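This is what each chain is made of:
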Amino acid sequence: MTPRIEIFTDGACSGNPGIGGWGVLLRHKDTEKQLSGGELNTTNNRMELTAVIEALQALKKPCNITLYTDSKYVMNGITEWLANWKKNGWKTSHKNGDVKNVDLWQALDALVQRHEIRFVWIKGHAGHAQNELVDSLARAEVEKLKQSADKA
């Protein structure tokens, strides 16, 4: 039987570009696992995508997933834009420019093929407990990196 997993993701950035962080909550039945990380020079959109990628990479076998994100960029990209980007050779809909963050979109596309995923958009900063948790994980990574950069 395919495991049913809930995933909550978020990204944060101090400056855009700037120091960024991402946070993930994986939930299977009564078990939860938190993941987080960050980068010194990145964007909010890259951190939102990285959170989803890291969550999916953490799964050891194909799963039935409900993935919650507050990122319209991730939602629209995965549910509306991705098929055309691939069809257009990773060019924008007007075929006059490269898709931004193509490295991450290609990684996400490969990971999505392994699972059955339902993407759900939730409003950020609206009191949703799990979204607030992953937001705090992402922001904590930003603060950690800021402190490390200040010491250097």
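For the structure, check the block above.
Figured I'd write up the structure that's included with this text. (Residues numbered from 1 in each chain as written. Predicted model: local features only at pLDDT ≥ 70, side-chain atom pairs only at ≥ 80, totals over all residues. Heavy atoms only, no water.)

**Regarding the sheet that holds strand β5 (residues 116-121)**
- Taken together, 5 strands build an open sheet; the order of strands is β3-β2-β1-β4-β5 and the sheet is mixed. Each end of this open sheet is capped by a strand with a single partner; those strands are β3 (31-42) and β5. Taking each pair of neighbouring strands and ignoring which way they run, the sheet shows an average axis angle of 20°.
- Of the strand pairs in this sheet, strand β4 (residues 64-69) and β5 are connected by 6 bridges, and their pairing is parallel. Among the inter-strand pairings, Thr66 is bridged to a residue of β5, identified as Arg118.
- Against the sheet, helix α1 (residues 44-57) touches β1 (4-15), β2 (18-28), β3, β4 and β5, its axis set at about 155° to β1. (Pairing = 2+ DSSP bridges. Helix = DSSP H or I, 4+ residues; strand = E, 2+ residues; numbered from the N terminus. Axes fitted to C-alpha atoms, helices over the stretch in contact; angles between N-to-C directions. Contact = heavy atoms within 4.5 Å.)

**As for the side chain of Thr42**
- Locating Thr42 in the fold gives a position in strand β3.
- Residue Thr42 is classed as buried on the basis of its relative accessible area of 2%.
- Residues contacting Thr42, with those up to four places away along its chain left out, are Cys13, Asn16, Pro17, Gly18, Ile19, Gly20 and Met47. (Buried < 20%, exposed > 50% of the residue type's maximum accessible area, 1.4 Å probe, protein only.)

**Some thoughts on the packing of aromatic side chains**
- Scanning all chains against the criterion turns up 5 aromatic pairs.
- With 4.6 Å between their ring centres and 10° between their planes, Phe8 and Tyr68 make a pair best called stacked. Placement of the pair is Phe8 in strand β1 and Tyr68 in strand β4, with a sequence separation of 60 residues.
- Taking the relative accessible area as the measure of exposure, Tyr68 reaches 15% and is therefore buried.
- Put simply, the rings of Tyr73, Trp81, Trp85 and Trp105 touch in pairs and so form one group of aromatic residues.
- Here Lys72 stacks its cationic end above the ring of Trp121, 4.2 Å away from the centre of that ring. (Phe/Tyr/Trp six-rings, centres within 6.5 Å; stacked < 30°, edge-to-face > 60°. Lys NZ or Arg CZ within 6 Å of the ring centre and 35° of its normal.)

**A short note on the side chain of Asp135**
- As for its placement among the helices and strands, Asp135 is situated in helix α4 (residues 129-151).
- For Asp135, a relative accessible area of 4% puts it in the buried group.
- In contact with Asp135, not counting residues within four places along its chain, are Asp10 and His125.

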